[in-house]
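Remarks on the overall topology
Listed here are the chains, written in short residue letters.
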Amino acid sequence: MFQDLWRMGLQWDYPLPYELQNKMSAWANGFSDISKWKVPRCFSVYSWGGCSDMKLLCFSDASERAYGCCIYLEVDEKECKKISLVVSRARVAPLKKITLPRLELLGALLVARLLSFVKNALKLPFDIAYSCFTDSNIVLHWIKADPQRWKQFVKNRVTEIQTLTSPSNWSHISGKKNPADLLTRGVSANELTNSVEWLQGVENLEIMDSNTDNGSNDERISHEEEVHLERVRSFSSKELNTLPVLKSDELKGANVHVLKLVQRESYHKEID
């Protein structure tokens, strides 16, 4: 809402447009629900050394309006598994419009930084297990590849993500199961305070963790298509007389690759 007001360029004493008045009133009324909300802060009744098993579960997401992440701690207490929300972060999307995959990448970077902070703040074991999840197959592809292949924006952020986390610890999750989705699509205070998923994470998490969805064969980008696209990129960035003519199958492979990227960017919710 505040970003919308900024875009409108309204002065401080100007009345709000009617549609924003309703949104602002609903937002302000939600404070009564927030004030009554009780969030459990006890992660375990035992010290870290007394827990048989621990794991951090990290989720990131983005929309055209915002990107964010949340981290949960899973603790096994004498054969009783407990999952608790530790921390979350959200940022509004920049005023300068950038593509959705890049916003998803910013969300992934945010969760990588927050993971490092949580480990230090809670004094968790150095070798504690962790898993990071994103509902963007494009971002997952970026993170698992050599960052030198990408342009500056993507390369710099993927490099930092790979420094803070291991690419092998990143997996895909359906957008419908991603708890970070609450941060980016926007929910009312009443919906948030009554959300069991938000405080306790994803249902059947152990099933999702052992059978991680990394996308269907149609959604994944094959190595052959990647090679074709790289040749087209090189061709377009150099003098025409320095490279041989591209083959038809290479052009077709690059075409398929670009189409998949565009489809994932424009229809990611439907695909998930």
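About the thresholds
Residues numbered from 1 in each chain as written. Predicted model: local features only at pLDDT ≥ 70, side-chain atom pairs only at ≥ 80, totals over all residues. Heavy atoms only, no water. Disulfide = S-S within 2.5 Å. Buried < 20%, exposed > 50% of the residue type's maximum accessible area, 1.4 Å probe, protein only. Patch = residues over 30% accessible without salt bridge, like charges linked within 9 Å, V, L, I, M, F, W, Y side chains within 5 Å. Areas by Shrake-Rupley, 256 points an atom, 1.4 Å probe, with all protein chains shown as cover. Salt bridge = Lys/Arg side-chain N within 4 Å of Asp/Glu carboxyl O. Helix = DSSP H or I, 4+ residues; strand = E, 2+ residues; numbered from the N terminus. Axes fitted to C-alpha atoms, helices over the stretch in contact; angles between N-to-C directions. Parallel < 35°, antiparallel > 145°, perpendicular 65-115°, else oblique. Left-handed = near helix turned anticlockwise from the far one by under 90°. Contact = heavy atoms within 4.5 Å. Nonpolar A, V, L, I, M, F, W, Y, C, P; charged D, E, K, R; others polar.

All chains considered together, the criterion is met by zero disulfides. We note that C70 lacks a disulfide partner, and the nearest cysteine sulfur, in C69, lies 6.9 Å from it. Given the relative accessible area of 0%, C70 is considered buried. Cysteine C132 remains unbridged, with the sulfur of C58 as its closest cysteine sulfur at 4.2 Å.

Moving on to a nonpolar patch on the surface. A cluster of nonpolar side chains, contributed by F2, W27, F31 and I34, occupies part of the molecular surface with about 420 Å² of accessible area. Inspection of the secondary structure puts I34 in helix α3 (residues 31–35). Judged by its relative accessible area of 34%, I34 falls in the partly exposed class.

Two elements in contact, helix α4 (residues 100–121) and helix α6 (residues 152–164), have axes separated by 9 Å at closest approach and are oriented at 25°. By the criterion of interaxial angle, the relationship of α4 to α6 is roughly parallel. Crossing handedness for the pair α4 and α6: left-handed. Residues R102, L105, L106, A108, L109, A112, R113 and S116 of α4 form the contact with α6, whose own contacting residues are F153, V154, R157, V158, E160, I161 and L164. A per-class count over the contact of α4 with α6 returns ten nonpolar, one polar and four charged.

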